[in-house]
Amino acid sequence: MRIRATVAAVTGALALAAFAAPAAHAAPATPYTMNVSFSNLKIASAIKVGASNKVSTAYSYTLTHGTDVKATAADFYSDAYLYRGSLDDPTATVEGDDFATCKVATSTTLTCTGTIDIYPFDGDLTADDAGKWTLAAEATAFNGQNPSKPDYSKVGFKDQGGMATTSLLRYSTLNTDAAPEPVKKGKTLTVTGTLARASWDYNKYYGYGTQSVQLQFAKKGSTTWSTLKTVKTDADGKLKTTVTASVDGSFRYVYAGSSTTSAVTSAADAVDVQ
C-alpha cells in the first residue's frame with residue numbers, strides 16, 4: 001500500500017498525497033482547488049483478502065477537467081482509493097502501489113484505470129477493517145513545482161468521495177468429507193467439514209464458529225444440487241451431520257458468506273452406494 005500523507009486544505013478536505021514518499025512534513029500553505037471532477041468509478045463489489053498473499057483489484061473512472069488544467073503534464077497525478085470514516089478525516093485508507101494510468105478521451109476528459117493493492121502480511125488490515133468501504137478519486141497537479149519542496153499555493157488538488165462502495169472480505173475455506181466410502185444403501189453416512197477464514201491480525205486461517213452452512217447433494221451424472229439440511233459450525237468451525245445413503249452421488253457444503261467474510265463452496269465428495 002503506497003503510504004499516504006495529507007495536508008488539510010482550507011475547506012477541510014484532504015489535500016495532497018505524499019507520492020511514493022515514506023514521510024511528509026507539514027505544508028506551509030495549502031493547494032488550490034483544481035477544476036477537476038470524477039465520474040463513472042467502477043470497482044468490484046467485494047474484494048476477498050486472504051491471510052498472506054497480495055490482492056490487487058482493478059478500478060476505472062472518468063476524469064473531467066477544465067481547459068486551464070494541464071491534465072497530460074508529466075507532474076499531473078491521479079488515482080482512486082478506499083477510505084473509511086469521512087473524506088475530510090478518514091479513519092483508514094487503502095490504495096494502490098502506483099497511480100492510475102490516464103488516457104485522453106476528449107479535450108476535457110481522461111479515462112483512468114488502476115488497482116487497489118493490499119498486503120495483508122505486511123499489516124495493511126486488521127479484523128476490524130472487514131466490511132464496507134467507500135471509494136474516492138483524487139488528482140494533483142504540481143505545475144512545475146518540486147514535489148519534495150513545493151510552493152503549495154501553486155499546486156492544484158481535487159478529491160471527490162462517496163463515488164462507490166465495496167467490501168473488504170476475509171477469505172474463507174471449506175471442505176467436505178462423506179464417510180464411509182463405499183457405503184451400503186440404507187446405511188448412515190457421516191458428512192464432516194471445516195469452515196475457516198483468514199485472520200488479518202495473525203496471518204493464518206482459523207475455524208469460523210457458529211455459522212450456518214448448507215449440506216447439498218447431487219446425483220451421479222447430474223449438475224443439479226439440492227439442499228438436504230442446514231448445519232451450524234461448532235466453536236472451532238467444524239461441521240458434522242448424518243444422512244441416509246440412497247443413490248450414488250456427491251456431497252458438498254456451501255457457506256453463503258457474511259458482511260465480513262466471503263462466501264465459499266467446498267469441493268464435492270463423491271460417494272459410491274452399493
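Residues numbered from 1 in each chain as written. Predicted model: local features only at pLDDT ≥ 70, side-chain atom pairs only at ≥ 80, totals over all residues. Heavy atoms only, no water.

Caption draft 1: Summary view of unusual backbone geometry. The peptide bond linking A179 to P180 adopts the cis configuration, its omega dihedral lying at 5°. Structurally, P180 is set in the loop between β11 (172-179) and β12 (188-199). A cis amide bond links E181 to the next residue, P182, at an omega of -5°. Secondary-structure assignment places P182 in the loop between β11 and β12. Look at N203: it is not a glycine, yet its phi comes out positive at around 55°. (Helix = DSSP H or I, 4+ residues; strand = E, 2+ residues; numbered from the N terminus.)

Caption draft 2: Representation of the sheet that holds strand β7 (residues 101-106) in the model. Sheet architecture is open: 4 strands sit in the order β2-β4-β8-β7, paired in antiparallel fashion. This sheet does not close on itself; its edge strands, each paired only once, are β2 (36-43) and β7. With strand direction ignored, the average angle separating the axes of adjacent strands in the sheet is 25°. One ladder, built from 5 bridges, connects β7 with strand β8 (residues 109-118); its direction is antiparallel. Bridging from a neighbouring strand, C102 pairs with C112 of β8. (Pairing = 2+ DSSP bridges. Axes fitted to C-alpha atoms, helices over the stretch in contact; angles between N-to-C directions.)

Caption draft 3: Examining the nonpolar core more closely. Residues Y61 and L63 are the most contacted members of the largest nonpolar core, which totals 35 residues. Among the nonpolar cores identified, the runner-up in size contains 20 residues, and V191, F217, V243 and A245 belong to it. (Core = buried A, V, L, I, M, F, W, Y, C linked by side-chain atoms within 4.5 Å. Buried < 20%, exposed > 50% of the residue type's maximum accessible area, 1.4 Å probe, protein only.)

Caption draft 4: Structural view of the pairing of strand β16 (residues 238-244). Only one face of β16 is buried: it carries L239, T241 and V243, and the other face, with K238, K240, T242 and T244, is open. By the bridge criterion, 7 bridges tie β12 to β16 in an arrangement that is antiparallel. Across the sheet, G193 pairs through a bridge with L239, a residue of β16.

Caption draft 5: Quick look at the environment of Y152. Within the element layout of this structure, Y152 appears in the loop between β9 (131-141) and β10 (156-170). Taking C-alpha positions, Y152 is 7.9 Å from Y32, a pair spaced 120 residues apart along the chain.

Caption draft 6: Region of interest: the state of the cysteines. Considering all chains together, one arrives at 1 disulfide under this definition. Disulfide partner of C102: C112, at an S-S distance of 2.1 Å. In this structure, the disulfide formed by C102 and C112 twists by about 110° around the S-S bond and is classed as right-handed. Here C102, found in strand β7, pairs with C112, found in strand β8; they are 10 residues apart in sequence, far enough to count as distant. Assessed through its relative accessible area of 29%, C102 is described here as partly exposed. (Disulfide = S-S within 2.5 Å.)

Caption draft 7: Region of interest: the environment of Y61. Tracing the chain through its elements places Y61 in strand β4 (residues 55-65). Residue classification places Y61 among the buried positions, given a relative accessible area of 2%. Residues Y61 and L41, 20 residues apart in the sequence, show an inter-C-alpha distance of 4.1 Å. Within the structure, Y61 has its side chain in polar contact with the backbone nitrogen of D79 (distance 3.2 Å). (Polar contact = N/O pair within 3.5 Å; in protein donor to acceptor, adjacent residues only side chain to side chain.)

Caption draft 8: Representation of the pattern of salt bridges in the model. Per the counting criterion, the structure on display carries 1 salt bridge. A salt bridge links K54 to D97; its shortest N-O distance comes to 3.3 Å. One end of the pair, K54, is in the loop between β3 (46-49) and β4; the other, D97, is in the loop between β6 (90-94) and β7, and 43 residues separate them in sequence. In this structure K54 comes out as partly exposed when scored by relative accessible area, which is 43%. The exposure class assigned to D97 is partly exposed, which follows from its relative accessible area of 26%. (Salt bridge = Lys/Arg side-chain N within 4 Å of Asp/Glu carboxyl O.)

Caption draft 9: View of the packing of aromatic side chains. Scanning the entire structure with this criterion turns up 8 aromatic pairs. Both rings, one in Y77 and one in F99, keep their centres 5.0 Å apart while their planes meet at 40°; by these two values the pair is tilted. Here the residue Y77 occupies a position in strand β5 (residues 76-85), and F99 occupies one in the loop between β6 and β7, the gap between them amounting to 22 residues. With relative accessibility at 26%, the residue Y77 sits in the partly exposed group. With a centroid separation of 4.8 Å and 50° between ring planes, the pair formed by F217 and F251 is classed as tilted. In this pair, F217 is assigned in strand β14 (residues 212-219) and F251 in strand β17 (residues 249-255), connecting sequence segments 34 residues apart. Of the two residues examined, F217 and F251, each falls in the buried class. Taken together, F38, Y59 and Y61 form an aromatic cluster joined through their ring pairs. Here R197 stacks its cationic end above the ring of Y208, 3.7 Å away from the centre of that ring. (Phe/Tyr/Trp six-rings, centres within 6.5 Å; stacked < 30°, edge-to-face > 60°. Lys NZ or Arg CZ within 6 Å of the ring centre and 35° of its normal.)

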